[in-house]
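Architecture at a glance
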2 protein chains.
Amino acid sequence: MSHSSPLLSELFVLAAGGDREALRSYCDSLHPADLASVLVEAPASEAILVLDALDHQQSAEIFAHLDHESQQEIAPLMADTRLARIISRMDADDRVDFVQRLPEARSEKLLHMLAQTEREDILKLGSYREGTAGALMTSDYATLRPALTARQALDKLRLEAPDKETIYYAYVIDYERRLLGLVSLKDLILARPDTRVEDLMRRELVTATVDEKQEEVARKLAQYDLIAIPVTNGNESLAGIVTFDDAHDVAEAEATSDFHRMSSISLMNTSLRDAGIGLLVRKRLPWLLVLVFMNIFSGAGIAYFENTIQAAVALLFFLPLLIGSGGNAGSQSATLMVRALATGDVRRKDWLHLLGKEVGVALGIGLCLGIGVSLIGIFRGGPDIAVVVALTMVAVVLAGSLIGMSLPFLLTRFRLDPATASGPLITSLADMAGVIIYFSIATWYLGLPHA
Amino acid sequence: MSHSSPLLSELFVLAAGGDREALRSYCDSLHPADLASVLVEAPASEAILVLDALDHQQSAEIFAHLDHESQQEIAPLMADTRLARIISRMDADDRVDFVQRLPEARSEKLLHMLAQTEREDILKLGSYREGTAGALMTSDYATLRPALTARQALDKLRLEAPDKETIYYAYVIDYERRLLGLVSLKDLILARPDTRVEDLMRRELVTATVDEKQEEVARKLAQYDLIAIPVTNGNESLAGIVTFDDAHDVAEAEATSDFHRMSSISLMNTSLRDAGIGLLVRKRLPWLLVLVFMNIFSGAGIAYFENTIQAAVALLFFLPLLIGSGGNAGSQSATLMVRALATGDVRRKDWLHLLGKEVGVALGIGLCLGIGVSLIGIFRGGPDIAVVVALTMVAVVLAGSLIGMSLPFLLTRFRLDPATASGPLITSLADMAGVIIYFSIATWYLGLPHA
């Protein structure tokens, strides 16, 4: 599976040559995901040549695999009738995402060119709030009535299958669309043909609701190893399903946004490769500004202890390594907590237990580092400096670790994303604490003039 | 789906009451994953009471959902015959993982209690190197011969289904087990009953090899939205399949280890909740020690410029915010690159293009921050200090960003994990650069005595 340009130039040679049959059969031999990942490399004006030369079905499959930006670049170059045909061939969840991103005038025009059921489906799926299961789900699922026999059920699935995203699970509903149970295709195949669906179906289902957060739904699919999860609305009626591949994308996007937050980058929906300089500056600058103003307090701390420093300039040598160690230990603690909270490995109620353990870990690390740097302390500034440095090390590692481990919990307490407890934020907080701890201990132990 | 203790106490009341039937039907009404997540909360000596009261199949399903630590705690308390029965009912991939973790004497004893085919399967699957597709794959898949008709194929799957992890895809092989193609259960259901498998099967397959890295395989499953991917060995013969749920676990574990590496924590296989204080100290201390010794250079930098500092102590006020900004901007750049490399959003060949963009972004951020802090500079130290501080800010943000974006690429160049370019490492490098840049600019612009 190559993403290199040979494939791309091959495509354009075939498209430019005008031999549509050759192009179509070449594209048939490749996976639509591969074709899409090649076409995004080309300008929209060239990609459209390839897409226009293919038949509706091929075009729709490749189009659905393009990223959102590429879709919106190519859409204006496509005729309405063509685009409407492609839309009606896309999966229900993909086409909602696409239509919603179009300029309003165009999307209204296109909606009127679709069959009524398709139009209504798009409007219904499009009505759920972003980030919820409703906005992620698809309506391409198969349903069965409880009174059908296994043979009748299989016949029904056979008829419907080509249109459905998955027929590996079929959902059993009553006349008010209330979800009664689930039968897998495997269950139906294994059953005696005259067994009724209601006697085959599993009634203990893992379900989601339309308002549920997407990450929560993704976690359920992963925990129970499901191919799809049914989504119900308030009155228990089946509204859609979320499939494992979409759930996986949610989990990946969530991990990416956690990574970004943890290094103080604002939420970014564009891929790094496509993001412009202006966008990247806007996403990175705000937090850096906040951190600068936090660092002013560390500066003020140093200025406050100017007399202490003037009296023992040797202390400055140890400043970076002491406050650095506090920040580094704090980043480690924060990362361990943020990730463990995100994967569900720990919960908020585990806080007190983890706090106790963190004190133990921080003291262990602090003592090891303290002994290490006190040796350098003796060499650089004599035994008194060594004691100050060792004591400070234990204290700053403890302070940094406790800040790092507590902040993510505190943020969840206020319903904020724990990943906001980023390395840079923790480092800045630990710097402040470190400056004050270091020079306070030095002033006290060395009997230096007070500030 | 509750994970709280009421469920746990309910279980123990039933187990202690001795009414096995009540316990069994209670457990039947719950998902094995939920039961497992409740049992891990209990001591092994109590969990074994519940597991022993259930029938082999229930026990095996719950046991397979336990984490590795809990399995190894409970196994010694279980009789050999019982454990052998549970093992033979576990999925092929789960049972290998379990047996390999047992003490050698026990695993040999148990292997001899299993049927020969099971024993050989465990030994074969267990022979692949950790971290490869071979070590992740299962042998529970269905195969078909090309000459079968759709009806015959369905009959065969019907017979085999109860034992197989998935029958949604069946793999078509020749007499030498060479992989010829794939038919989905959906294809078979939709086909006319007398169509031959070889006329139905898809021949263009996405496959993996036994030696391929697990993360690579997980990426393929996600990219092509597959339920399972076939794994072949050197001579193109089918060795196993990797299913989407195991691939998802790999992707999640990979993201977790990237998170940990990025805050300088060594690779950790234990969950945070179960990790002891000693283990956590061992995993966190080594990198902190490395960073301390890197920070010594920053300290030495400060000591080198002692005369500059003595002549203008006001400079110290700005030290934390200047070197902090360099480190923070660098952490942002590193995180963006590490994550984009991990998800495949950017590749190593994009390096030069991204470098150009990074210079633009860093100059934009540096200028904004520089103008901001120069205002404080005027207020705290006059116009000269303001100029020094503004110039330094642009330079340190640029230096930090370039270090942050280049290091992950450099690491991949030497086949190291880019996530090793952690926030703390970048911060320490940026601190060193920042100290030298700051005091060099100050010495030059303010005409201060040289070191």
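Residues numbered from 1 in each chain as written. Chains lettered and ligands numbered in written order. Predicted model: local features only at pLDDT ≥ 70, side-chain atom pairs only at ≥ 80, totals over all residues. Heavy atoms only, no water.

1. Thoughts on the overall build of chain A
Test applied: Secondary structure counts use DSSP, requiring at least four H or I residues in a row for a helix and at least two E residues in a row for a strand, with both numbered from the N terminus. For the radius of gyration, the atom set is restricted to C-alpha positions; the globular benchmark scales as 2.2 Å times the number of residues to the power 0.38. Burial classes: relative accessible area under 20% of the type maximum marks a residue as buried, over 50% as exposed, and values in between as partly exposed (1.4 Å probe, protein chains only).
Each helix and strand counted, chain A has 21 helices and 6 strands in total. On C-alpha atoms alone, chain A measures out to a radius of gyration of 30 Å, which is more than a quarter above the 22 Å that the 2.2 N^0.38 rule sets for 451 residues. Overall size of chain A, expressed as C-alpha extent along the three principal axes, is 90 × 60 × 40 Å. Every one of the 451 residues in chain A was classed for burial, and the buried ones make up 55%.

2. Description of the packing of aromatic side chains
Formally: Between rings of Phe, Tyr and Trp, where Trp is taken as its six-membered ring, a pair exists when centres lie within 6.5 Å; planes separated by under 30 degrees are stacked, by over 60 edge-to-face, and by other angles tilted. Comment: the charge-over-ring label is applied if NZ (Lys) or CZ (Arg) is within 6 Å of the ring centre and within 35 degrees of the ring normal.
Counting across every chain of the model gives 16 aromatic pairs over all chains. Each ring, one from A:Tyr168 and one from B:Tyr168, has its centre 4.4 Å from the other, and the planes form 40 degrees; the classification is tilted. Here A:Tyr168 is found in strand β2 (residues 166-173), whereas its partner B:Tyr168 is found in strand β2 (residues 166-173) on a different chain. Like A:Tyr168, the residue B:Tyr168 is buried in the burial classification. Between A:Phe244 and B:Phe244, the aromatic rings sit 4.5 Å apart at their centres with planes inclined by 45 degrees, giving tilted as the arrangement. Separated into two different chains, A:Phe244 in helix α16 (residues 244-262) and B:Phe244 in helix α16 (residues 244-262) make up a pair that spans both. Overall, the relative accessible area of 13% leaves A:Phe244 in the buried class. Put simply, the rings of A:Tyr304, A:Phe305, A:Tyr438 and A:Phe439 touch in pairs and so form one group of aromatic residues. Over the aromatic face of A:Phe317 sits the side chain of A:Arg380, whose NZ or CZ is 4.1 Å from the ring centroid.

3. Quick word on the interface of chain B and chain A
Defined as follows: Between two residues, a contact is recorded if the distance between any of their heavy atoms is within 4.5 Å. Here the quantity called buried area is the accessible surface, traced with a 1.4 Å probe, that two parts lose on coming together, added over both. Counted as salt bridges are all cases of a side-chain nitrogen of Lys or Arg within 4 Å of a carboxyl oxygen of Asp or Glu. N or O atoms closer than or at 3.5 Å make up a polar contact, with two conditions inside protein: a donor-capable atom paired with an acceptor-capable one, and, for residues adjacent in sequence, both atoms drawn from side chains. Residue polarity follows a fixed list, in which Ala, Val, Leu, Ile, Met, Phe, Trp, Tyr, Cys and Pro are nonpolar, Asp, Glu, Lys and Arg are charged, and the others, Gly among them, are polar.
If you look at the interface, chain B gives 106 residues, while chain A gives 107 residues. The contact between chain B and chain A buries some 9,700 Å² in all, and 69% of this surface belongs to carbon and sulfur atoms. Taken together, chain B and chain A are joined by 2 salt bridges. For B:Arg284, the salt bridge is made with A:Glu358, and the minimal N-O distance between the two is 3.2 Å. Applying the counting criterion to the chain B and chain A interface returns 17 residue pairs in polar contact (both at pLDDT 80 or more). Taken together, the residues that form the side of chain B that touches chain A break down as 58 nonpolar, 28 polar and 20 charged.

4. Description of the side chain of A:Thr149
Locating A:Thr149 in the fold gives a position in the loop between β1 (141-144) and α12 (150-160). Filtering out sequence-adjacent residues up to four positions away, A:Thr149 remains in contact with A:Pro193, A:Asp194, A:Thr195, A:Arg196 and A:Val197.

5. Description of the side chain of A:Thr335
All names here are of chain A. Of note, threonine 335 is situated in helix α19 (residues 315-343). According to the relative accessible area criterion, threonine 335 is buried, its value standing at 4%. Of the polar contacts made by the side chain of threonine 335, one reaches the backbone oxygen of serine 331; its length is 2.8 Å.

6. A short note on the nonpolar core
As a reminder, the rule being used: Only buried residues count toward a nonpolar core. Its members are Ala, Val, Leu, Ile, Met, Phe, Trp, Tyr and Cys residues joined through side-chain atoms within 4.5 Å.
Ranked by size, the top nonpolar core spans 106 residues in total, and within it A:Leu185 and B:Leu185 carry the most contacts. Residues in contact with B:Leu185, not counting those within four places in the same chain, are A:Tyr168, A:Leu185, A:Ile189, B:Leu154, B:Leu157, B:Ile167 and B:Tyr168. Judged by nonpolar contacts, the second largest core, of 100 residues, contains A:Leu354, A:Met405, A:Phe409 and B:Leu321.

7. Here we look at the sheet that holds strand β3 (residues 179-184) of chain A
Residue and element names in this part refer to chain A. Where we set the bar: The pairing criterion is simple: DSSP has to find at least two bridges between the two strands. Under this scheme, a helix contributes an axis fitted over its contacting stretch, all axes are lines through C-alpha atoms, and angles between N-to-C directions fall in the 0 to 180 degree range.
As summarised here, the arrangement of the 3 strands in space is β1-β2-β3, forming an open sheet in which the pairing is mixed. The open sheet has two free edges, formed respectively by β1 and β3, since each of these has just one partner strand. Neighbour to neighbour, the strand axes of the sheet diverge by 35 degrees on average, direction disregarded. In this sheet, β2 lies alongside β1 in parallel orientation, the contact comprising 4 bridges. Bridge assignment links tyrosine 141 to a residue of β2, and that residue is threonine 166.

8. Comments concerning the packing of helix α5 (residues 56-65) of chain B against helix α7 (residues 80-89) of chain B
Residues and elements named next belong to chain B. So the rule is basically this: For classification purposes, angles smaller than 35 degrees are called roughly parallel, those larger than 145 roughly antiparallel, those between 65 and 115 roughly perpendicular, and all remaining angles oblique. Working rule for handedness: look at the near helix, and if it is turned counterclockwise from the far one by less than a right angle, call the crossing left-handed; if clockwise, right-handed.
Across the interface, α5 lies against α7 with an axial gap of 9 Å and an inter-helix angle of 70 degrees. As summarised for this structure, α5 and α7 are arranged roughly perpendicular, according to the angle between their axes. Crossing handedness for the pair α5 and α7: right-handed. Here α5 contributes His56, Gln57, Ser59, Ala60 and Phe63 to the contact with α7, which in turn contributes Arg82, Leu83, Arg85, Ile86 and Arg89.

9. Section: helix α5 (residues 56-65) of chain A
For α5(A), every residue scored as buried is listed here: A:Gln58, A:Ser59, A:Ala60, A:Ile62 and A:Phe63. Here the buried face of α5(A) lies against α2 (20-28), α3 (32-39), α4 (44-53), α6 (68-74), α7 (80-89) and α8 (92-101) of chain A.

10. So, the pairing of strand β6 (residues 238-243) of chain A
Residue and element names in this part refer to chain A. Among the 6 residues of β6, 6 are classified as buried, and the element is accordingly described as predominantly covered. Relative to β6, strand β5 (residues 228-232) is paired through 5 bridges, and the arrangement is antiparallel. Note on β6: the bridge partner recorded for isoleucine 229 is valine 242.

11. Considering the relation of the copies chain B and chain A
What counts, and what does not: The copies were overlaid by least squares, fitting only the C-alpha atoms of residues that reach a pLDDT of 70 or more in each copy.
By a simple turn and slide, chain B fits onto chain A: the slide is 0.0 Å along the axis, the RMSD is 0.1 Å, and the turn is 180 degrees. Interpreted geometrically, this transformation is the action of a two-fold axis. Interface overlap between copies is the fraction of interface residues in one copy that are interface residues in the other; for chain B against chain A it reaches 100%, indicating a shared surface.

12. Considering the sheet that holds strand β4 (residues 208-209) of chain A
Residue and element names in this part refer to chain A. Taken in spatial order, the 3 strands line up as β4-β5-β6 in an open sheet, and their pairing is mixed. In the strand order of this sheet, the two ends are held by β4 and β6, each with one partner. Contacts from helix α15 (residues 214-223) reach β4, β5 and β6, with the element oriented near 140 degrees to β5.

13. Here's the deal with the environment of A:Ala64
Residue and element names in this part refer to chain A. Along the chain, the position of alanine 64 falls in helix α5. By relative accessible area, alanine 64 is classed as partly exposed at 23%. For the pair alanine 64 and methionine 337, spaced 273 residues apart in the sequence, the C-alpha separation amounts to 37 Å. If sequence neighbours within four positions are ignored, alanine 64 has contacts with Gln71, Met90 and Asp94.

14. Digging into the confidence of the model for chain A
Where we set the bar: Confidence of the predictor at the level of single residues is given by pLDDT, which spans 0 to 100.
Taken over all residues, the pLDDT of chain A has a mean of 86, while the share at 70 or more is 96%. As scored by the predictor, the complex reaches a pTM of 0.75 and an ipTM of 0.73.

15. Remarks on a negative patch on the surface
The condition that has to hold: For patch detection, residues must exceed 30% relative accessible area and be free of salt bridges, and they are connected within 9 Å for like charges or within 5 Å for nonpolar side chains (Val, Leu, Ile, Met, Phe, Trp, Tyr). Accessible surface is estimated by sampling points in the Shrake-Rupley manner with a 1.4 Å probe; for residues, cover comes only from the protein chains shown. Counted as positive: Lys and Arg. Counted as negative: Asp and Glu. His and the chain ends are not counted at all. Positions of charges follow a simple convention, taking NZ of Lys, CZ of Arg, CG of Asp or CD of Glu.
On the surface, A:Asp19, A:Glu21, A:Asp28, A:Asp55 and A:Glu61 cluster together into a patch of negative charge. Looking at the secondary structure, you find A:Glu21 in helix α2.

16. Points about the pattern of salt bridges
Where charged atoms of side chains with opposite charge meet at close range, the side chains can pair. Within this structure, the stated rule accounts for 30 salt bridges over all chains. Across the pair A:Lys156 and A:Glu160 runs a salt bridge, and its minimum N-O distance is 2.7 Å. You can see A:Lys156 and its partner A:Glu160 sitting in helix α12, 4 residues apart, about one turn around the helix. Looking at A:Lys156, the relative accessible area reads 28%, which means it is partly exposed. The exposure class of A:Glu160 is partly exposed, given its relative accessible area of 22%. Here B:Asp194 makes a salt bridge to B:Arg192, at a shortest N to O gap of 3.8 Å. Taken individually, B:Asp194 and B:Arg192 each receive the classification exposed, so the pair is uniform in this respect. When salt bridges that share partners are traced, they join A:Asp80, A:Arg106 and A:Lys109 into one network.

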